[in-house]
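One-letter residues, chain by chain:
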Amino acid sequence: MDEPTAAPSAGTNKYESAPNLRMKAADGVEYAYRDVGPRDGRALVLLQHFRGNLDSWDPALIDALAQHRRVITMDYQGVGGSTGTPADTIEQMAREVLAFTVALGTETFDLLGFSIGSFVAQRVALARPDAVDKVVLASTAPQGARGMHGWAPEVIGAVGGPQTSAAEYMSVFFTASEASRASGGNTLTRIYSRTDGRDVETDWATRLAQYDAVTKWGVPNTTLFEELEGLTAPVFVANGDSDPMILPKYSYLIAGLLPNATVKIYEDAAHGFLFQHYEEFASDVITFLERE
């Protein structure tokens, strides 16, 4: 097992300038990741959305979280700078996260999963309850929920084509209000502020595999809801009130199915609520993680 390459010094780097690191895990994959924030306490591992890579996170959100916690972002296998072939099931992505965290030497950690990352986080927490302390599910739904088999045509049309324009990204991640659109423009500026050492762009194979994973997750089967009784870790469920990709009703649904969950819906916000309200969301996450 390889050691992390060029590990950053504690608390010395912001996400915009954080080095790209690589870690070879026992599954043979070299995972690309970034690592910011203090080194004491449990790490917070972030799991990315559909077609996202290390640069798809809003640096302002990561920096706000990293003021208080060690924050690790990673690429799934075959995604961005990670080697291998993109997974076409959520279960396989969860196995990748487990292989990565073992290689990294994190015996216990917290999880923040966004969109399909929230699906992966559920499976990781169920598979390794002794390792996962707390879980944040941002824009999430339980496996097998009715209405989750694929996405609305306008949503997959916007984010599922060969290229996603700024306007298409905005249509899914932000609302039509003036305030939300302005926030979306600021988010895109921050996301693209890094010019050197950007992550490898995700490819069409990633799009196809991850959408297959999403559709398999959404095949209606409410008997799968019972599995969530095993996710006993404290969970913070969050979403925007106008998310067209994963409707906020699923936040309430999964919060009711989990043994120990709280839910918050952010106003005038869509799929990118955690970027639009990054200060509030980061504060809510840190408060949740530090709660006894």
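Residues numbered from 1 in each chain as written. Predicted model: local features only at pLDDT ≥ 70, side-chain atom pairs only at ≥ 80, totals over all residues. Heavy atoms only, no water.

### Here's the deal with empty space enclosed by the protein
If a probe as big as a water molecule is rolled over the atoms, it shows which places are left empty.
So, point 1. For the structure shown, the criterion picks out two cavities of 30 Å³ or more.
So, point 2. Here the largest cavity defines a volume of roughly 50 Å³.
So, point 3. Lining the largest cavity we find Gln122, Arg123, Leu126, Gln143, Trp217, Leu224, Glu227 and Leu228.
So, point 4. For the lining of the largest cavity, the element with the highest residue contribution is helix H3 (residues 116-127), accounting for three residues. (1 Å grid on protein atoms, 1.4 Å probe; cavity = no way out; pocket = protein on both sides within 12 Å on 5 of 7 lines; lining within 4 Å. Points joined across faces, edges and corners; volume = space filled by probe spheres on them. Helix = DSSP H or I, 4+ residues; strand = E, 2+ residues; numbered from the N terminus.)

### Section: helix H2 (residues 90-104)
So, point 1. In this model H2 runs 21 Å from its N-terminal to its C-terminal C-alpha over 15 residues, within 8% of the 21 Å that 1.5 Å per residue would give.
So, point 2. Most of H2 sits inside the fold, with 11 of its 15 residues counted as buried.
So, point 3. Buried within H2 we find Ile90, Met93, Ala94, Glu96, Val97, Leu98, Ala99, Phe100, Thr101, Ala103 and Leu104.
So, point 4. One or two residues past the end of H2 sits Gly105, with phi positive at roughly 85°. (Expected span 1.5 Å × (residues − 1). Buried < 20%, exposed > 50% of the residue type's maximum accessible area, 1.4 Å probe, protein only.)

### Focus: the nonpolar core
Note that soluble globular proteins tend to have their nonpolar side chains buried in a common cluster.
So, point 1. Within the largest apolar cluster, 98 residues are counted, with the highest numbers of intra-cluster contacts made by Leu65 and Phe281.
So, point 2. It is H2 that contributes the most residues to this core, nine residues altogether.
So, point 3. With residues near it in sequence (within four places) discarded, Leu65 still touches Leu44, Leu46, Val71, Leu112, Ala282, Val285 and Ile286. (Core = buried A, V, L, I, M, F, W, Y, C linked by side-chain atoms within 4.5 Å. Contact = heavy atoms within 4.5 Å.)

### Let's talk about the layout of surface pockets
So, point 1. Reported here for the largest pocket is a volume of approximately 600 Å³.
So, point 2. Around the largest pocket, the lining comprises 26 residues; the ones closest to its centre are Arg51, Ser56, Thr164, Tyr192 and Glu201.
So, point 3. Contributing elements (two or more residues each) for the lining of the largest pocket: helix H5 (166-173) and helix H6 (178-191).
So, point 4. For the lining of the largest pocket, the leading source of residues is H5, giving three residues.
So, point 5. Residues that form the lining of the largest pocket fall into these classes: 11 nonpolar, 10 polar and five charged. (Nonpolar A, V, L, I, M, F, W, Y, C, P; charged D, E, K, R; others polar.)

### Focus: the packing of aromatic side chains
So, point 1. One pass over the structure, following the stated rule, counts 16 aromatic pairs.
So, point 2. With a centroid separation of 5.8 Å and 65° between ring planes, the pair formed by Tyr31 and Phe100 is classed as edge-to-face. Taken together, the residues span a long stretch of sequence, with Tyr31 in strand S2 (residues 30-36) and Phe100 in helix H2 at a distance of 69 residues.
So, point 3. Tyr31 sits in the buried class, given a relative accessible area of 0%.
So, point 4. Since its relative accessible area comes to 0%, Phe100 is described here as buried.
So, point 5. Judged by centre distance (5.8 Å) and plane angle (75°), the ring pair of Phe114 and Phe275 falls under edge-to-face. Separated by 161 residues along the polypeptide, Phe114 in strand S5 (residues 109-114) and Phe275 in helix H9 (residues 273-276) bring together distant segments of the chain. Of the two residues examined, Phe114 and Phe275, each falls in the buried class.
So, point 6. Cluster of aromatic residues (ring-pair linked, three or more members): Trp57, Phe114, Tyr169, Phe173, Phe174 and Phe275.
So, point 7. A cation sits over an aromatic face here: Arg34 above Tyr15, 5.3 Å from the ring centre. (Phe/Tyr/Trp six-rings, centres within 6.5 Å; stacked < 30°, edge-to-face > 60°. Lys NZ or Arg CZ within 6 Å of the ring centre and 35° of its normal.)

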